[in-house]
Amino acid sequence: MTADAVGGVWDYALELAGGLARRGVRVTLAVMGPAPSPAQRARAVAIPGLGLHHGDFRLEWMERPEDDLTAAGDWLLDLAERVAPDLVHLNGYAHAALPWGRPVVAVAHSCVLSWWQAVHGCPAPAEWRPYAGRVAAGLASADRVVAPTQAMLDALETHYGPVPHGRVVWNGRDGGAWHPRPDREPTVISVGRIWDEAKNIRALDGVAAGLDWPVVVAGSWRHPDGRHPDGRSPEGDALPANLRLLGHLRPDELADRYGRAAVFALPARYEPFGLSILEAALSGCALVLGDVPSLRELWTGAAVFVAPDDPAALARELRRMAADPAHLLALATAARQRARSYGTERMVARYLDVYADLLDAPRSIPLHRDGAAVPLER
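Bear in mind the structure is a predicted one, so any value in this text is a computation, not a measurement.

Participant: An account of the overall build of the chain is requested, with residue identities and associated values reported.
Facilitator: Looking only at helices and strands, the chain features 13 helices and 13 strands. For the chain, the C-alpha radius of gyration of 20 Å lies close to 21 Å, the compact-globule estimate for 378 residues. Dimensions of the chain, computed from C-alpha atoms along their principal axes, come out at roughly 60 × 50 × 40 Å. With 378 residues in all, the chain has 54% of them scored as buried. Here the analysis covers contacts within the chain between residues at least 6 apart in sequence; of these, 68% occur between residues at least 24 apart. Counting only carbon and sulfur atoms, one obtains 53% of the accessible surface of the chain, whose full area is about 16,100 Å². Measuring between centres, the 39 positive side-chain charges of the chain sit 5 Å from its 45 negative side-chain charges.

Shown next as structure tokens:
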């Protein structure tokens, strides 16, 4: 399994690898991009049977990755020859076109073309054509393409053509690690890669000064590539003036923050799944989310949606949360109930089904809550 240590893919990969380990499946994790931090590395090696390898290669969505992608491909093939896996699970696209000689699953966590369209409202510029070609080739080569939402799968088909072997598998989180705290505080929290314009954290900064409750934000402000995705340097950007920035938090610190905050707000322009939203919902936060197809798909009936470009609506909904305890409690309860449907064991079972189809192996035991994530009545 490939991964990077930059954002949510890391948490997803460890959650899945841990669940697979409990089912007796050994995972070799090949991490590219920036090296995992000591804390990240400690979490990975604590998973029984997991082999952790790191290659310092630029990721496929970074600037000028061509030479690194080629070198990373050689590194991955060499690793596969030594490990001899039954199946290759790629959390990316380009390397699906390598001659693996075994089944390949490519998981679509996001992509630059759909990101660009959502953030900028126009197609990505011509400089991204080589990237688009690599993604299309990877999707065509993979034996199975998995997306965390139908919206993400639809986006792939919009930008790269038909995906005949596509399947939706929701991401999952272990509810035991995220739960409400008794000392809940009148606070709005947001979490994610703050440098990513898709998260639209600037919108929160724009309304925070007029709210009754403080807004705290956890996550890194610095792009791992030293720039913003559209090429601007973060050095020239002023930090948000009205938010309390917490920086990058350890998982236990983040769980504590979620558990004490009353509201989680992410007026995202683009979010194919959003593990941070799931963690906040499990922790008992009421949700205020960007009105985009993927989040509608996952949280309709369990969240308030606001148009990403409507700061007045964002401010109005956050003020309503603060002023109406019954409304706040109803939304928090609905969010937590929905979040329990996106559990780790369900995700693991669905991936085992995908693997079994490709390996002609017995399928996993069906889950009795297979249809649990039904939208609630508004």
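The structure having been displayed, the exposition proceeds.
Participant: Now, about the pattern of salt bridges: what can you tell me, with residues and values included?
Facilitator: A full pass over the atoms with the stated rule returns 19 salt bridges. Between Asp 78 and Arg 82 there is a salt bridge, with its nearest N and O atoms 3.2 Å apart. In this pair, Asp 78 and Arg 82 are both assigned in helix α3 (residues 66-83), four residues apart and thus about one turn of the helix distant. Of the residues examined, Arg 82 reaches a relative accessible area of 54% and is grouped as exposed. Here Arg 181 and Asp 256 are joined by a salt bridge, their closest N and O atoms 3.9 Å apart. Of this pair, Arg 181 sits in the loop between β7 (166-168) and β8 (185-191) while Asp 256 sits in helix α8 (residues 251-260), and the two are 75 residues apart along the sequence. A relative accessible area of 25% places Arg 181 in the partly exposed class. In this structure Asp 256 comes out as partly exposed when scored by relative accessible area, which is 26%. Through salt bridges with shared partners, a single network forms among Asp 11, Glu 15, Arg 43, Arg 173 and Glu 279.

Participant: Go over helix α13 (residues 344-359), please, and point to the residues and values.
Facilitator: Across its 16 residues, α13 extends 22 Å between first and last C-alpha, which sits within 8% of the 22 Å expected from 1.5 Å per residue. Residues of α13 that are buried include every one of Thr 344, Arg 346, Met 347, Val 348, Ala 349, Arg 350, Tyr 351, Leu 352, Asp 353, Val 354, Tyr 355 and Ala 356, and no others. Where α13 is buried, its residues meet α1 (8-22), β4 (88-90), β5 (104-107), β6 (144-147) and β7. Trailing α13 by a residue or two, Asp 360 shows a phi angle of about 55°, which is positive.

Participant: Can you tell me about the packing of helix α7 (residues 201-208) against helix α11 (residues 311-323), naming the residues and giving the values?
Facilitator: Contact geometry of α7 with α11 gives a least axis separation of 9 Å together with a crossing angle of 65°. Compared by their axis directions, α7 and α11 come out roughly perpendicular. Crossing angle aside, the handedness with which α7 passes α11 is right-handed. On the side of α7, the interface is formed by Ala 203, Leu 204 and Val 207, while α11 contributes Pro 311, Leu 314, Ala 315 and Leu 318. Looking at side-chain class alone, the contact of α7 with α11 contains seven nonpolar, no polar and no charged residues.

Participant: Tell me about the side chain of Glu 317, residues and numbers included.
Facilitator: Here Glu 317 is to be found in helix α11. At 4.2 Å, Arg 320 is the nearest oppositely charged side chain to Glu 317, a buried residue that forms no salt bridge. Residue contacts for Glu 317: discarding those within four places in its chain leaves Val 304 and Val 306.

Participant: Account for the sheet that holds β7, naming residues and giving values.
Facilitator: Hydrogen bonding along the main chain pairs the strands of a sheet, whether they run parallel or antiparallel. Pairing within the open sheet is parallel, and its four strands lie in the order β4-β5-β6-β7. Where the open sheet ends on each side, the last strands, each with one partner, are β4 and β7. Neighbour-to-neighbour, the strand axes of this sheet turn through a mean angle of 25°, independent of strand direction. By the bridge criterion, three bridges tie β4 to β5 in an arrangement that is parallel. Directly across from Leu 90, in β5, lies its bridge partner Ala 106.

Rules and cut-offs
- Residues numbered from 1 in each chain as written.
- Predicted model: local features only at pLDDT ≥ 70, side-chain atom pairs only at ≥ 80, totals over all residues.
- Heavy atoms only, no water.
- Helix = DSSP H or I, 4+ residues; strand = E, 2+ residues; numbered from the N terminus.
- Rg over C-alpha atoms; globule rule 2.2 N^0.38 Å.
- Buried < 20%, exposed > 50% of the residue type's maximum accessible area, 1.4 Å probe, protein only.
- Contact = heavy atoms within 4.5 Å.
- Areas by Shrake-Rupley, 256 points an atom, 1.4 Å probe, with all protein chains shown as cover.
- Lys, Arg positive; Asp, Glu negative; His and termini not counted.
- Charge placed at Lys NZ, Arg CZ, Asp CG, Glu CD.
- Salt bridge = Lys/Arg side-chain N within 4 Å of Asp/Glu carboxyl O.
- Expected span 1.5 Å × (residues − 1).
- Axes fitted to C-alpha atoms, helices over the stretch in contact; angles between N-to-C directions.
- Parallel < 35°, antiparallel > 145°, perpendicular 65-115°, else oblique.
- Left-handed = near helix turned anticlockwise from the far one by under 90°.
- Nonpolar A, V, L, I, M, F, W, Y, C, P; charged D, E, K, R; others polar.
- Pairing = 2+ DSSP bridges.

So far we have only geometry, and geometry alone does not tell us how the molecule works.
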